[in-house]
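# Survey of secondary and tertiary structure
For reference, the chains in residue letters:
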Amino acid sequence: MKEQSPFSPGLPVPIEYFVGRMDEIMRIERALAQAATGVNKNLFITGERGIGKSSLAIFTTFKAER
């Protein structure tokens, strides 16, 4: 039986759940900083179901809005 994932689209997840994702978070933050100066980039967040793609996008959106 597959292990239960803490990630579910639309539900916030504590930052502690993003273990091992600092490289991805930093890459997204760099792209957001560049977008603020007018240099747009496209990013794709891919992975298996339940791995936290939506949660990662929501988390970085929250940080960008702050």
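In case you missed it, the structure is sitting above this.
Scope of this entry: the structure provided in the associated data block.

## What about the overall build of the protein chain?
Secondary structure summary: the protein chain contains two helices and zero strands in total. The buried share among the 66 residues of the protein chain stands at 18%. Partitioning the contacts of the protein chain with sequence separation of at least 6, the portion at a separation of at least 24 is 63%.

## A look at helix α2 (residues 53-65)
Over its 13 residues, α2 runs 18 Å from end to end, which matches the ideal 18 Å to within 8%, given 1.5 Å per residue. Residues of α2 that are buried: Ser 55, Leu 56, Phe 59 and Thr 60. Projection of α2 onto a plane perpendicular to its axis shows the buried side chains occupying an angular sector of 125 degrees, all on one side. Elements that come into contact with the buried residues of α2 comprise α1 (22-36).

## Concerning the environment of Leu 32
Looking at the secondary structure, you find Leu 32 in helix α1. When its relative accessible area of 35% is taken as the criterion, Leu 32 is described as partly exposed. Taking the C-alpha atoms as reference points, Leu 32 and Thr 60, separated by 28 residues in sequence, lie 9.1 Å from one another.

## Quick notes on the side chain of Arg 21
Of note, Arg 21 is situated in the segment before α1. Despite its burial, Arg 21 pairs with no opposite charge, the nearest such side chain being Glu 24 at 5.0 Å. Contact partners of Arg 21, with chain neighbours within four places excluded, come to Ile 51 and Gly 52.

## Side note on the nonpolar core
Counting residues in hydrophobic clusters, the biggest one holds seven residues: Phe 7, Val 13, Phe 18, Ile 25, Ile 28, Leu 56 and Phe 59. Each residue touching Phe 7, except ones within four places of it in the same chain, is listed here: Val 13, Tyr 17, Phe 18, Gly 50, Ile 51, Gly 52 and Ser 55.

## Notes on α1
Helix length check: α1, at 15 residues, gives a terminal C-alpha distance of 21 Å against a target of 21 Å (1.5 Å per residue), a fit within 8%. Listing the buried residues of α1 in full gives Ile 25, Ile 28 and Ala 31. Viewed end-on, α1 has its buried residues packed into an arc of 125 degrees, placing them on one side of the element. Those residues of α1 hidden inside the fold are in contact with α2. Positioned one or two residues after α1, Gly 38 has a phi angle of 100 degrees, which is positive.

Basis of the calculations
- Residue indices follow the written sequence of each chain, beginning from 1 at its first position.
- Restriction of local features to residues with pLDDT of at least 70 applies here, the model being predicted, together with a cutoff of 80 or more for giving and counting side-chain atom pairs; totals for whole chains, interfaces and linings are based on all residues.
- Side-chain measures were taken over the full set of non-hydrogen atoms in the model, leaving aside hydrogen atoms and water.
- Only DSSP runs of H or I covering at least 4 residues are called helices, and only runs of E covering at least 2 are called strands; the numbering of each starts at the N terminus.
- Three labels apply to residues, based on accessible area from a 1.4 Å probe with only protein chains included: buried if under 20% of the type maximum, exposed if over 50%, partly exposed otherwise in between.
- Throughout, a residue-residue contact means that at least one pair of heavy atoms, one from each residue, lies within 4.5 Å.
- One less than the number of residues in a helix, times 1.5 Å, gives the span that helix is expected to have.
- This arc describes the spread of directions from the helix axis toward the C-beta atoms.
- Charge assignment: positive for Lys and Arg, negative for Asp and Glu; neither His nor the chain ends contribute.
- Salt-bridge detection follows one rule: a side-chain nitrogen of Lys or Arg within 4 Å of a carboxyl oxygen of Asp or Glu.
- As used here, the term nonpolar core means buried Ala, Val, Leu, Ile, Met, Phe, Trp, Tyr and Cys residues forming a set that is joined through side-chain atoms within 4.5 Å.

Taken by themselves, the reported measurements are silent on function.
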